[in-house]
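Structural characterization, general
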Amino acid sequence: GIKLIDTRGKADFAKSFIPGSINIQGNNAFATWVGWLVKYNEPFMLVANESQLDDLMRKLMRIGLDNVYGYIDNVNVWTELGNALDKTKLISLEEFDTLARNNGIQIVDLRGESEYKSGHIAKADNVFVGTLQENLDKISKDKTTVVYCQSGDRTTIGYSLLAKNGFKNIVNYPGGINEWTNSGKPVVSEK
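If you're wondering where the values come from, they're calculated on a predicted model, not measured in any experiment. (Residues numbered from 1 in each chain as written. Predicted model: local features only at pLDDT ≥ 70, side-chain atom pairs only at ≥ 80, totals over all residues. Heavy atoms only, no water.)

Here's the deal with the overall build of the protein chain
Helices and strands together make up the secondary structure of the protein chain, namely 8 helices and 8 strands. On C-alpha atoms alone, the protein chain measures out to a radius of gyration of 17 Å, which is about the 16 Å that the 2.2 N^0.38 rule sets for 191 residues. A principal-axis box enclosing the C-alpha atoms of the protein chain has dimensions of 45 × 35 × 30 Å. Looking at the protein chain as a whole, 44% of its 191 residues qualify as buried. For the protein chain, long-range pairs separated by at least 24 residues make up 68% of all intrachain contacts whose partners lie at least 6 apart in sequence. Per element, the accessible surface of the protein chain, about 9700 Å² overall, is 48% carbon and sulfur. Charge centroids of the protein chain, computed over 22 positive and 23 negative side chains, lie 4 Å from each other. (Helix = DSSP H or I, 4+ residues; strand = E, 2+ residues; numbered from the N terminus. Rg over C-alpha atoms; globule rule 2.2 N^0.38 Å. Buried < 20%, exposed > 50% of the residue type's maximum accessible area, 1.4 Å probe, protein only. Contact = heavy atoms within 4.5 Å. Areas by Shrake-Rupley, 256 points an atom, 1.4 Å probe, with all protein chains shown as cover. Lys, Arg positive; Asp, Glu negative; His and termini not counted. Charge placed at Lys NZ, Arg CZ, Asp CG, Glu CD.)

Here's the deal with the sheet that holds strand E7 (residues 144–148)
The 4 strands are arranged E6-E5-E7-E8 in an open sheet whose pairing can be described as parallel. Since the sheet does not close on itself, it has two edges, and those belong to strand E6 (124–126) and strand E8 (170–172), each with one partner. The sheet shows a mean angle of 30° between the axes of neighbouring strands, taken without regard to direction. In terms of strand pairing, strand E5 (residues 105–109) meets E6 through 3 bridges, oriented parallel. Bridge pairing links Val108 to Asp125 in E6. Helix H5 (residues 93–100) rests against E5 and E7 of the sheet, and its axis sits at about 120° to E5. (Pairing = 2+ DSSP bridges. Axes fitted to C-alpha atoms, helices over the stretch in contact; angles between N-to-C directions.)

Brief notes about the pattern of salt bridges
Taken as a whole and judged by the stated rule, the model has 9 salt bridges. Residue Glu42 pairs with Lys3 through a salt bridge whose shortest N-O separation is 3.4 Å. Taken together, the residues span a long stretch of sequence, with Glu42 in the loop between helix H2 (30–37) and strand E3 (44–47) and Lys3 in strand E1 (residues 3–6) at a distance of 39 residues. The exposure class of Lys3 is buried, given its relative accessible area of 10%. Note that Asp109 is salt-bridged to Arg111, the shortest N-O span being 2.7 Å. By the burial criterion, Asp109 is buried, and Arg111 matches it. Look at the salt bridges and you will find they share partners, linking Asp97, Arg101 and Lys185 into a network. (Salt bridge = Lys/Arg side-chain N within 4 Å of Asp/Glu carboxyl O.)

This is the structure in structure tokens:
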């Protein structure tokens, strides 16, 4: 029942993760996202390489999150106990372009409101990843839901949060709005 924060890179997380874990990469934005997603007194554990622990703990302590219950250094601990790992459903630009034309799906832009208004994919709903847990009612459990952000980091956080909360029809478009616009695809702007 303890929240598990997987600090591995998004590509490693996508290949295999412990069901229910949340991917927050151990990079410079680590403390920011943990601060959004872990309550002050809430105990949590980390999936982290031992060589990263000092840096990660320092980042957490700077924002007052020191209720770390423990850590595991890899996800194989889970499989050694006889459990199965999960895998992220990733799609390419071409697959997303095809899906985006389908009226039977939901597209969710996980960026901040100002980013969204400056240019988003048509028909995309805006649910900022930092408030996703409080806005799960805005995400369809019935439709295929494609999540995206700027370049994929927040998308992985959002995907893992949705998977943790029982959403089965979610798809991660890791290329984000950067890849979308760089390939000449249209965006909608709001002023």
